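Reading the structure
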Amino acid sequence: MKHITINGDRLWQSLMTMAKIGATEKGGCCRLTLTDLDKEARDLFVQWCEEAGCTVTVDQVGNIFARRPGRHNDLPPIMTGSHLDTQPTGGKFDGVFGVLAGLEVLRTLQDHNVETKAPVEVSVWTNEEGSRFAPAMMGSGVVAGRFTLEEILAKTDIDGKLFGEELKRIGYAGELPARQRPIGAFFEAHIEQGPYLEAEKKTIGVVNKGQGQRWYDVTITGRESHAGTTPMPLRHDALAAAARLINQVERIANTNQPHACGTVGFLQVHPNSRNTIPGQVTMSVDLRHPDDTILSKMDRELKVFCEHLPAEVNVEVKLEPIWYYAPVIFSEQCINAVREGARTHGYSHMDIFAGAGHDACYIADFAPASMIFIPCENGISHNEIENAEAADIIAGCNVLLSAMLERANA
Ligand code: GLV
Ligand code: MN
Ligand code: MN
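Residues numbered from 1 in each chain as written. Chains lettered and ligands numbered in written order. Predicted model: local features only at pLDDT ≥ 70, side-chain atom pairs only at ≥ 80, totals over all residues. Heavy atoms only, no water.

1. Here we look at the overall build of the chain
When helices and strands are tallied, the chain shows 12 helices and 16 strands. On the principal axes, the C-alpha backbone points of the chain span a range of 80 × 45 × 40 Å. Expressed as a percentage of contacts within the chain between residues at least 6 apart in sequence, the contacts between residues at least 24 apart total 80%. As displayed, the chain offers around 17000 Å² of accessible surface, 50% of which is attributable to carbon and sulfur atoms. Counting 38 positive and 53 negative side-chain charges, the chain places the centres of these two groups 2 Å from one another. (Helix = DSSP H or I, 4+ residues; strand = E, 2+ residues; numbered from the N terminus. Contact = heavy atoms within 4.5 Å. Areas by Shrake-Rupley, 256 points an atom, 1.4 Å probe, with all protein chains shown as cover. Lys, Arg positive; Asp, Glu negative; His and termini not counted. Charge placed at Lys NZ, Arg CZ, Asp CG, Glu CD.)

See below:
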């Protein structure tokens, strides 16, 4: 039974059909969370799951669960899943692969009339990306208890729209309580989004760890004044201060190698007029490291820099930590199921850690979890040109099928 394989053409076609929702000119996807396009993608997923004979439920934060019963339905389900939302310049695979690989597992079990001991579920987690509403991984975070439902429903996007209202508007404010429940094992299949599998010519990444992250909002307040009449020493230039901070974020990452990452990806300049000295800048900072001690050191370095910046450049700096999660060690049992799945199908594999945030990192709070990575072209993701080979997509899904079957019949 371990050796049944998925239908690769069907999986690929489903990925390409889903990619039409929010398709961009450069071949990627823009399907921001809780938009009409997110609704369209969710509706299609629900339709496909119902056609595969599953029961679909939605929880209070919009997470979707498609369930295929087993022989013993009182056993905790063996679950897989990921997300359908994308970055503004996102690709066709980040998140979507994990969701549709899960659906393909359900369809394959159906094709082969496989009855598992435990029930099997596929999940779609709300707002994994954290682009429209920060922070990321909100749906899995509420279920894990990292965030309260109330605080998440009250989040606003850049236009002041409420998360809770948008969730209702697209019809995915469900009734199932968004809280921890027993899960026998959780697997998330995902493109690696980095360069290592490709460089090492390995098909499967056996993910043993998720790196830690710290996110901040920064507000720099200076003073607007005339670009032609304000002498340089008399300026309170918020953007010039922001430039120093951006440099510092890069320096912090570069001096904490290997593995440290530091990014400023969001910046708003006020009043954004070429001949007025910028009076205010709001910006984001994203720091990551797989070792929590080093991540804390990076955090201190950022704080010290922000404390000293005002005296140097005549501005006020407000640094607000908005999100932290420590590195996550995945479950040995699930890691072994993934490694064994790769061996069963004869795929080359290596151990690897996750650089990106993933819903599996929050599910690991209360259930045994791990992830399956496959290579992506040139390691590029969060980009419309993000690409993965069909053969690797199929391999990742076959490993997912094997790992889920092993756990569902354990
Ligand atoms: C999500 O994709 C993240 O890692 O920021
Ligand atoms: Mn993702
Ligand atoms: Mn992503």
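2. Things to note about the coordination of the manganese ion (ligand 2)
Coordination angles at a metal have ideal targets, namely 109.5 degrees for four tetrahedral donors and 90 or 180 degrees for six octahedral donors. Protein coordination at the manganese ion (ligand 2) comes from His 83 (NE2), Asp 94 (OD) and His 190 (NE2), with a distance range of 2.0 to 2.3 Å. Here the donor residues of the manganese ion (ligand 2) are spaced in sequence according to H-x10-D-x95-H. Between the manganese ion (ligand 2) and the manganese ion (ligand 3), both coordinated by Asp 94, there is a metal-metal distance of 3.6 Å. Taken as a pair, His 83 in the loop between strand S3 (78–82) and helix H3 (96–111) and His 190 in strand S5 (residues 185–191) lie far apart in primary sequence, 107 residues in all. Given the relative accessible area of 0%, His 83 is considered buried. (Donors = N, O, S within 2.8 Å, 3.2 Å for Na, K, Ca; no water. Buried < 20%, exposed > 50% of the residue type's maximum accessible area, 1.4 Å probe, protein only.)

3. Digging into the packing of helix H8 (residues 238–254) against helix H9 (residues 292–313)
Two elements in contact, H8 and H9, have axes whose closest approach is 10 Å; the angle formed by their N-to-C orientations is 155 degrees. In terms of their interaxial angle, H8 and H9 are classed as roughly antiparallel. Crossing hand, H8 versus H9: right-handed. Residues Ala 241, Arg 244, Leu 245, Gln 248, Val 249 and Ile 252 of H8 form the contact with H9, whose participating residues are Met 298, Glu 301, Leu 302, Phe 305, Cys 306, Leu 309, Glu 312 and Val 313. Residues belonging to the contact of H8 with H9 are distributed by class as follows: 10 nonpolar, 1 polar and 3 charged. (Axes fitted to C-alpha atoms, helices over the stretch in contact; angles between N-to-C directions. Parallel < 35°, antiparallel > 145°, perpendicular 65-115°, else oblique. Left-handed = near helix turned anticlockwise from the far one by under 90°. Nonpolar A, V, L, I, M, F, W, Y, C, P; charged D, E, K, R; others polar.)

4. Topic: the environment of Ala 19
Secondary-structure assignment places Ala 19 in the loop between helix H1 (8–18) and helix H2 (36–51). Residue classification places Ala 19 among the buried positions, given a relative accessible area of 9%. Excluding its chain neighbours within four sequence positions, the residues that come into contact with Ala 19 are Cys 29 and Lys 92.

5. Notes on the coordination of the manganese ion (ligand 3)
Looking at the metal site, the manganese ion (ligand 3) is ligated by Asp 94 (OD), Glu 129 (OE), Glu 129 (OE) and His 382 (NE2), spaced 2.1 to 2.4 Å from it. Sequence spacing of the donors to the manganese ion (ligand 3): D-x34-E-x252-H. The buried category is assigned to Glu 129, whose relative accessible area is 7%.

6. Concerning the packing of aromatic side chains
For any pair of aromatic rings, the description consists of the separation of the ring centres together with the inter-plane angle of the planes. With the rule as written, the count across this model stands at 8 aromatic pairs. When the centroid spacing of 5.4 Å and the interplanar angle of 55 degrees are considered together, the rings of Trp 323 and Tyr 325 count as tilted. For the pair Trp 323 and Tyr 325, a shared accessibility class is recorded, and that class is buried. Within the aromatic cluster, the residues linked to one another by ring pairs are Phe 147, Trp 215, Trp 323, Tyr 325 and Tyr 362. One Lys or Arg, Arg 181, reaches over the ring of Phe 65 and ends 4.6 Å from the middle of that ring. (Phe/Tyr/Trp six-rings, centres within 6.5 Å; stacked < 30°, edge-to-face > 60°. Lys NZ or Arg CZ within 6 Å of the ring centre and 35° of its normal.)

7. Some words on the nonpolar core
One finds Met 18, Phe 45, Leu 100, Phe 187, Ile 204 and Phe 330 to be the most contacted residues of the largest nonpolar core, which totals 100 residues. Element by element, the count of residues in this core is highest for helix H12 (residues 390–408), at 10 residues. Residues in contact with Phe 45, not counting those within four places in the same chain, are Met 18, Ile 64, Ala 66, Leu 84, Val 99, Leu 100, Leu 103, Val 122 and Val 124. Core analysis: the second largest hydrophobic core is formed by 25 residues, Val 281, Met 298, Leu 309 and Leu 319 among them. (Core = buried A, V, L, I, M, F, W, Y, C linked by side-chain atoms within 4.5 Å.)

8. What to know about the side chain of Ser 370
Inspection of the secondary structure assignment puts Ser 370 in strand S16 (residues 369–374). For Ser 370, the contacting residues outside a window of four places in its chain are Phe 186, Phe 187, Glu 188, Val 207, Phe 330, Cys 334, Ile 335, Val 338 and Ala 360.

9. Some thoughts on unusual backbone geometry
For the peptide bond that leads from Ala 134 to Pro 135, omega is 0 degrees, which places it in the cis range. Relative to the helices and strands, Pro 135 resides in the loop between strand S4 (120–124) and helix H4 (138–144). A cis amide bond, omega 5 degrees, links His 270 with the succeeding residue Pro 271. Position of Pro 271 among the secondary structure elements: in the loop between strand S10 (267–270) and strand S11 (276–277). The phi dihedral of His 259 falls on the positive side, at around 90 degrees, and the residue is not glycine. Its location among the elements puts His 259 in the loop between H8 and strand S9 (261–263). What makes His 259 partly exposed here is its relative accessible area of 35%.

10. Section: H12
Across its 19 residues, H12 extends 27 Å between first and last C-alpha, which sits within 8% of the 27 Å expected from 1.5 Å per residue. Burial analysis of H12 places 15 of its 19 residues in the buried class, which makes it a mostly covered element. (Expected span 1.5 Å × (residues − 1).)

11. With respect to the pairing of strand S15 (residues 349–354)
Only one face of S15 is buried: it carries Met 350, Ile 352 and Ala 354, and the other face, with His 349, Asp 351 and Phe 353, is open. Both strand S6 (residues 204–210) and S15 contribute to a ladder of 6 bridges, which runs parallel. Opposite Lys 209, over in S15, you have Phe 353 as the bridge partner. (Pairing = 2+ DSSP bridges.)

12. Observations concerning the confidence of the model for the chain
When pLDDT is averaged across the chain, the result is 97; 100% of the residues are at 70 or more. Within the chain, H9 has the poorest average pLDDT of any element, 96, and S5 the best, 99. (pLDDT = per-residue confidence, 0-100.)

13. A look at the environment of Glu 198
Relative to the elements of secondary structure, Glu 198 occurs in helix H7 (residues 196–200). Here Asn 378 takes part through its backbone nitrogen, which lies 3.0 Å from a polar atom of the side chain of Glu 198. (Polar contact = N/O pair within 3.5 Å; in protein donor to acceptor, adjacent residues only side chain to side chain.)

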